[in-house]
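# Understanding the architecture of this molecule
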Amino acid sequence: SYEISGTAVMTCTDDVFLGDQPECIRYAKFHNGESTVVEADSADVKLTCTFTSDDNESPVITWKFRNVAFTDEQNALVDNLSGSVYNKLYGKIYALAGKVTYDDMGKYTCINTLGDDVKEGYITLYVREITSTPNVRFDIADVAQTFTCVAKGDEITSVTWTTLAGTNSASVNEAGSYDEDIFTWTSTLTATMKEDKVYTCTVVYTDPPETKTAEYSFNMIDVTMSGVLAAQKGTAMVTLTCNFEVDPTDDPTIIGIVWKKDNVAFTSAQTAETSFGDNCGYIQRNRYVIATVDVADTGVYTCTATYSNGVVASTASLSYYTRDIEPTKTYHVKQGQEAVLSCSVMGDETSVFQFTTSSDVEIESGNGMVVAMGTFSSAVQAGTLTIATTSKTDHDGPRKCKADWAANSPAGLTVNIGLKIYVVGGLTDDSALAKDPGSSHIFTCSFESGASTVKWTRSDDVITTGASSVAVASTTSTYTIAALVPTDSGVYACEVSYLADGVFHKFEGDNEKSLTVRGVTAATTFYVAEEATTFTLTCIFYGDEMNTPEWFKGTDTTALATATNSYAFTPGTFDAAKNHLESTLEILTIEAADAAAYKCKTTYISDSEATESIMTIVVLKNEGITSSDSTAAPDDEVILTCTHTAAAPDKSVTVTWTKASSAQTEGVTIGSTTTSLYTIATASPPIDNAALVCSVTFEDYNAILSSSFTQYVRDIAASRPETITVEGQATATLTCIFRGDDLGATVWTKGAAAIVDGGDYGVNAGTYASFVRTDTLVIKSVAKAEAGDYKCTASYTDGSVVTAVTQSISVLAVSTLASNDDTITTSESFTLTCTYTYLADITITVAWTHDNAPVTAGVTADGNTISLLTVTSATFEDNGVYACTVTFGAYGAAAAAEVTQYVRYLEGVSANHGVEDSNKAITCTFYGDSLGATVWSFDGGNLADGDEYGISTSSPTTSKRIDVLNVKNLAADNDGTYTCTAVYSADSSSKNKELKLDVYTVALTNTDSQTIDSDSSFTLTCTYSALTDSVDVSWMKGDSLSVTDGITAPSTTSSVLTVASADEDDNGQYMCQVKFGDYGTVEKLIDQYVRYQTPSATVYGVAGEDYDLICVFYGDALGATTWTKGGSAVTTGGRITVTAGTMSLVTMKRTDTLTTTVLVSDDAGTYICSATYTDGIVTKTSTQTLAITTQSLTVTLARTPTIVAVDSAVEVIFTCTWAEVTLDAGPCPTHGHGTARPTPLQAPQPPLQRRPLHLQQASKITLILCASSPSGHTETFPPPPLSRSGI
């Protein structure tokens, strides 16, 4: 806005809201400054934006919050400022909804937009609030805790922490940091808490000063356990209690309790037995009740509580013990042996643990007794009472084991321990230690009466049943062996048990007897399947100690080596305890050669008596398959025999047959105990060519022994006895199929002649697979000559020759296609005859084509083998290739027979038209058979290919040739008659044709002079050839300027253009354009010169600036321009530069320049430029008077210089405002070649942009270049530097 009072320009103050000056600067601002501070939860907070306007303006007021445009909900809360409007000052109020919160804090912007002019004001709203995180914390002791104090709003002066008395180790970040993006100041305190404590965070805001505080409390959580620490086994209703600290009036609450025993979580059954007890102040109880305690209940019990604030309390634990002592027991000890009495007590550690007599007297170490009570460990304490050598006096005499605990415990525990002493006599037998097989032997065992069980052992193996017998009396037991065998060798002993507890007693010395019976493993025959992995022969020698045994195979007298590739021999070692030696011979892989008798042999050391045993191996094997005829003929009987080893005595053998992996049962019979037969009654090549497998399974042996054999059934067959095919089809294929074993190469013959691969034949040898080989003979292109009989022959590897049945090929074909006269002229007739093969019982159809197009007219049949096509009154269109295609029913169509028919004819256009300077093609088309070269002539003379004429020939079909004569750059002398002539090669007859060519021309002339002076007249005449149809004439000047004035109505042969009083703009090139209908367009050009020069004038230059004097000449070419001043020549030098222009061939204009830099007063004067046209007759002169002037201008500033600070990324707009004025008398200084500047001049011009404007964002700048006023301060042009213009 601006206001003018008379000629005085009013100024405005910046503080327009409080002042009383008229409003003249558009703006928008918040009247309560750049920021405001409110408390959180404040209500009725309003922001007021004032802005300027004018009665004729309609500014748009928009709002942003944190640089984001207001939402619809926010805009709904904006209203106009109530009250009167002062000095065109308006306002908008944004009333925040409800109570302000942290989310309302930020920068608010009010935008005043009028067209492209945008003004903004902003205010930052701070919402003060202090928050604590957390304000109350529940946790366990000795854990580091962190408290966070967050002050929201504007900046603060200080943050301090204070605490009530108490013990803690704290690290306080009092300084904190202010985050401008989120308007918060954060400070933290970290402390390792020992007890309940309260902290206070005090925040002091800066402007306006304000103090806010927040409190932080720490409440320590603890848990304890109570209950019975120990109880005797069997005690009922033992209770363990877990006590949790809680605050019944405040959070957190207990949300979960976990019980564990020995660090293992309770099972679901145990958890079900827990229950809450009563609350006692701040203690909440949870109880676990054990219904009846047992030893397994001993352990460490823990309970853990989880609180609603996520804190898990520390674990409280309690160790509970169930007390118990081993039950009463009695020990049985042989007289004279050591007796060890033991006692164990379970539970917590005892105060008394001892062995006592039956009268409760403590037994201490001494008198052959040792007491060791052990130490308490893992809820168990064990003690022993050891009597080194027992006697009868130790028998019975009850002893006790006693345990007792400290005060506050149940009564102690006592258990009785008995000791029984028994005496066992010796063991005797009735003969020497070594006895022969077959004799009897008796052992007798003596012992003290009272025994309940007697146990006999041989080499520590318990004797149960057998040929021997056991008799037991009150003090003796006998073991009788009626007939000794080698396995009776060993060490015999008897053991006695006096009670039902199963404890046996024996003497280690005279209670054992050794018995030796000499012998060896009995002779045995072993049946082993062939190819078994390994087989081991074991020979056991019994009796007294013997020498190392040896092994022999069959009748060999040389012992087998200890280890070879086939055998692994283990001699063995004599076992004195069991009186035997075990030797083995391992055969690594069973083969047929391993079937033999093997002998193991040794001698006794004491008397060199020899003993041996024979072991025989029978190898069970499948010996293979044989065939009665391995290469049978079809329908032959074939018997296959599978031979195998006989089975072991009383054992069976199973034989199965498979053919091509399929089980066979039909034809399978048993030949003998060693053979199985498979009979093929009638051999079939497709079925019985196969791999046969005979599988033999022996009873009691899992191995399946298989053998295989390939049976061949030879046969040969052709694919079909006869092939009927059609000539021209792609291929015909004959096939021979050989079955059985593989053969040599196949030989194909036709009649007696062998067929070789190549040419029209493809001999393909098949691949032998699955007992079949298929060979083929492919006739690649079937012709009539391929009809006949074919055979295929091949030889097997044993020399047998097989020949296939004869295969015949019948070929259906088109025999001939001929014309009765293949070369005729138009209007004559011709007949085509198609002859083909006849085959009864099939439908034969004949199709005719002419140049691949179907033909039906003129087609007739002549019997079963001939079809006729007759054409009468032939035209040139009947030239071409005719084909006859015969389809033989389902066998298909034969290859078409073709014949070319010629009908001679010459075609051409008699009347041809063209325009000058263009090319014209004249065409002659010849039909029929082959011709010689075409001869072209014009007005009796032959023409040749070259610069004037182009001669070409093309043959699109075999019966058509097109000859073209191209007449180049047509002119009037090309008008006339042309003739084309060609001779047929077959009979030297010729054809020719005359062709007329009309050529249309145009001429353009200047009726007057081509060079005239301005204000003279000239006439241009355009003449052209007459045309039956009217022509279209148009005039143009230069490249595109259409000329319509001065044109007389055109006649049939001419058009005239007249220009009167020509001036410099009439210089140029004129064109007459004539369009001859569809035949083409002709253009003619002519130059017209109108001589003219710049008129004399007075021009103005400004002192101190550069100035150009310009001299312009029009018309035809001139010589060099000369410049003079006051009669003296002026040339380039010093401050003067003379520049010669170039004549434009389009505008016929030349511009010459005399440039003076930094004009001074002496440069004023009269300058003359002159130049002479090249004809030497006419000279043109121009006089220019140069005047030097100065100009006074007034610049009135709209406001004083102002510094504005803005944030980055904000658009900055600079505006220069000035008073609109008029110029003083006299012209504004001219610019360039004397063109006056506009008034008032407001557009920016480059000369004044002399200093950079260092802006980070886009700017809009308006500069004053030329202005003046009737009065006021004046400055010399140009204006002062920009720094003085108030921006």
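Residues numbered from 1 in each chain as written. Predicted model: local features only at pLDDT ≥ 70, side-chain atom pairs only at ≥ 80, totals over all residues. Heavy atoms only, no water.

## What about the overall build of the chain?
For clarity, the cut-off: Under the scheme used here, helices are H or I runs from DSSP no shorter than 4 residues and strands are E runs no shorter than 2 residues, and both carry numbers assigned from the N terminus. With a 1.4 Å probe rolled over the protein chains alone, any residue whose accessible area is under 20% of its type maximum counts as buried; one over 50% counts as exposed, and the rest are partly exposed. Pairs of residues are marked as contacts when any of their non-hydrogen atoms sit within 4.5 Å. Per-residue and other accessible areas were derived by the Shrake-Rupley procedure at a 1.4 Å probe size, with only the shown protein chains allowed to occlude residues.
Looking only at helices and strands, one finds three helices and 108 strands in the chain. Considering the chain as a whole, with its 1287 residues, one finds that 37% of them fall into the buried category. When contacts within the chain are restricted to residue pairs at least 6 apart in sequence, long-range pairs at least 24 apart make up 65% of them. Carbon and sulfur atoms provide 50% of the accessible area of the chain, an area that totals close to 65,700 Å².

## Some thoughts on the pattern of salt bridges
Rules: For salt bridges, the criterion is a side-chain nitrogen of Lys or Arg within 4 Å of an Asp or Glu carboxyl oxygen.
Counted according to the given criterion, the structure contains 31 salt bridges. Asp544 is paired through a salt bridge with Arg518; the nearest N and O atoms lie 2.7 Å apart. Pair noted here: Asp544 is in the loop between β46 (535-542) and β47 (550-553) and Arg518 is in the loop between β43 (512-517) and β44 (519-520), with a separation of 26 residues, a long-range link. Classification of Asp544 by relative accessible area gives buried; the value is 18%. Of the charged contacts in the structure, one is a salt bridge between Arg739 and Asp715, with a shortest N-O distance of 3.6 Å. Placement of Arg739 in strand β64 (residues 732-739) and of Asp715 in strand β62 (residues 715-718) is noted, with a sequence separation of 24 residues between them.

## Here's the deal with the side chain of Ser676
The criterion, for reference: As used in this structure description, the phrase polar contact means that two N or O atoms lie within 3.5 Å; if the pair is within protein, one of them must be able to donate a hydrogen and the other to accept it, and residues adjacent in sequence are counted only when both atoms belong to side chains.
Among the secondary structure elements, Ser676 is positioned in strand β59 (residues 675-680). Look at Ser676 and you get buried, because its relative accessible area is 4%. Within polar-contact distance, the side chain of Ser676 engages the side chain of Trp657 at 3.0 Å. Here Thr669 takes part through its backbone oxygen, which lies 3.5 Å from a polar atom of the side chain of Ser676.

## A few points about the sheet that holds strand β83 (residues 935-938)
So the rule is basically this: The rule for pairing is simple: two strands pair if DSSP sees at least two bridges between them.
Spatial strand order, β81-β88-β87-β83-β84: five strands in an open sheet with mixed pairing. Since the sheet does not close on itself, it has two edges, and those belong to β81 (911-915) and β84 (941-942), each with one partner. Direction of pairing for β81 relative to strand β88 (residues 990-1000): parallel, over a ladder of five bridges. For His913, the partnering residue across the bridge sits in β88 and is Asp998.

## Observations regarding the nonpolar core
Our working definition: What we call a nonpolar core is a set of buried Ala, Val, Leu, Ile, Met, Phe, Trp, Tyr and Cys residues that are connected through their side-chain atoms within 4.5 Å.
In terms of nonpolar packing, the biggest core is built from 40 residues, with Leu96, Tyr108, Trp161, Tyr199, Cys201, Val203 and Tyr216 touching the most fellow members. Per element, the largest residue contribution to this core is five residues, and it comes from strand β11 (residues 117-133). Val1031, Val1059, Ala1062 and Cys1072 belong to the second largest nonpolar core, which has 23 residues in total.

## A short note on the state of the cysteines
Note the threshold: In this description, the term disulfide denotes a pair of cysteine sulfurs within 2.5 Å.
This model, assessed by the stated rule, comprises twelve disulfides. What pairs with Cys539 in a disulfide is Cys600, and their sulfur atoms sit 1.9 Å apart. Taking the torsion about the S-S bond as the criterion, the Cys539 to Cys600 disulfide, at about 50 degrees, is right-handed. Of this pair, Cys539 sits in strand β46 while Cys600 sits in strand β51 (residues 596-603); the two residues are 61 residues apart in sequence, bridging distant segments of the chain. Owing to a relative accessible area of 0%, Cys539 belongs among the buried residues under this scheme.

## Concerning the side chain of Asp929
With respect to the helices and strands, the residue Asp929 is situated in the loop between β82 (920-927) and β83. Of the polar contacts made by the side chain of Asp929, one reaches the side chain of Arg904; its length is 2.7 Å. When near neighbours in sequence (up to four residues on either side) are disregarded, Asp929 contacts Thr823, Tyr902, Arg904, Tyr984 and Ala986.

## Re the sheet that holds strand β61 (residues 704-713)
Paired through their backbone hydrogen bonds, the strands of a sheet run either parallel or antiparallel. Strand order in the open sheet made by the five strands is β54-β61-β60-β56-β57, with mixed pairing throughout. In this open sheet, the two edge strands, each paired with only one partner strand, are β54 (631-632) and β57 (662-664). Bridging between strand β60 (residues 690-698) and β61 involves eight bridges; their strand directions are antiparallel. Among the inter-strand pairings, Ala690 is bridged to a residue of β61, identified as Gln711.

## Here we look at the confidence of the model for the chain
Just so we agree on the cut-off: Predictor confidence is given residue by residue as pLDDT, running from a minimum of 0 to a maximum of 100.
Confidence along the chain averages 79 in pLDDT terms, with 80% of residues attaining 70 or more. In the model, residues 83-87 has pLDDT below 50 throughout and makes six contacts with residues more than four positions away in sequence or in other chains. A low-confidence stretch, residues 1191-1287 (pLDDT under 50), is modelled with 107 contacts involving residues beyond four sequence positions or located in other chains.

## Quick notes on the environment of Ile824
Mapping Ile824 onto the fold places it in strand β73 (residues 823-825). The sequence separation of Ile824 and Gln901 amounts to 77 residues, and the corresponding C-alpha distance is 8.4 Å. Excluding anything up to four places from it in sequence, Ile824 contacts Ser829, Phe830, Ala874, Gln901, Tyr902, Val903 and Arg904.

## Points about the environment of Phe1018
Note on placement: Phe1018 falls in strand β91 (residues 1018-1024). Setting aside its immediate chain neighbours within four residues, Phe1018 contacts Asp1008, Ser1009, Ile1012, Leu1057, Thr1058, Val1059, Ala1062, Asp1066, Tyr1070 and Gln1088.

## Some thoughts on the pairing of strand β79 (residues 880-888)
For strand β75 (residues 844-850) and β79, the ladder comprises seven bridges, and the chain directions are antiparallel. Following the sheet pairing, Ile844 is matched in β79 by Phe888. Relative to strand β80 (residues 897-908), β79 is paired through five bridges, and the arrangement is antiparallel. Looking across to β80, one finds that Tyr882 is bridged to Val899.

## So, the packing of aromatic side chains
Between two aromatic rings, the relevant description is the distance of the centres plus the angle of the planes. As a reminder, the rule being used: In this scheme Phe, Tyr and Trp rings, the latter by its six-membered ring, pair at centre separations within 6.5 Å, and the angle between planes marks the pair as stacked below 30 degrees, edge-to-face above 60, and tilted otherwise.
What the rule picks out here adds up to 26 aromatic pairs. Here Trp63 and Phe70 contribute two aromatic rings whose centre-to-centre distance is 5.7 Å and whose plane-to-plane angle is 25 degrees, an arrangement assigned as stacked. In this pair, the class of Trp63 matches that of Phe70, namely buried. Taking 6.0 Å as the distance between ring centres and 40 degrees as the angle between the ring planes, the aromatic pair formed by Tyr905 and Tyr927 counts as tilted.

## Examining a negative patch on the surface
To be explicit about the condition: Patch definition: residues above 30% relative accessible area lacking any salt bridge, with like charges linked at up to 9 Å and the nonpolar side chains Val, Leu, Ile, Met, Phe, Trp and Tyr linked at up to 5 Å. Residues scored as charged are limited to Lys and Arg (positive) and Asp and Glu (negative), so that His and the chain ends carry no count. To locate a charge, take NZ of a lysine, CZ of an arginine, CG of an aspartate or CD of a glutamate.
The grouping of Glu155, Asp179, Glu180 and Asp181 at the surface amounts to a negative patch. Residue placement: Asp181 occurs in the loop between β15 (168-179) and β16 (184-193).

## Focus: the environment of Thr793
On the secondary structure map, Thr793 appears in strand β69 (residues 788-795). Residues Thr793 and Gly744, 49 residues apart in the sequence, show an inter-C-alpha distance of 9.6 Å. Once you skip the residues sitting within four places of it in the chain, Thr793 turns out to touch Ala745, Thr746, Val747, Val801, Val802 and Thr803.

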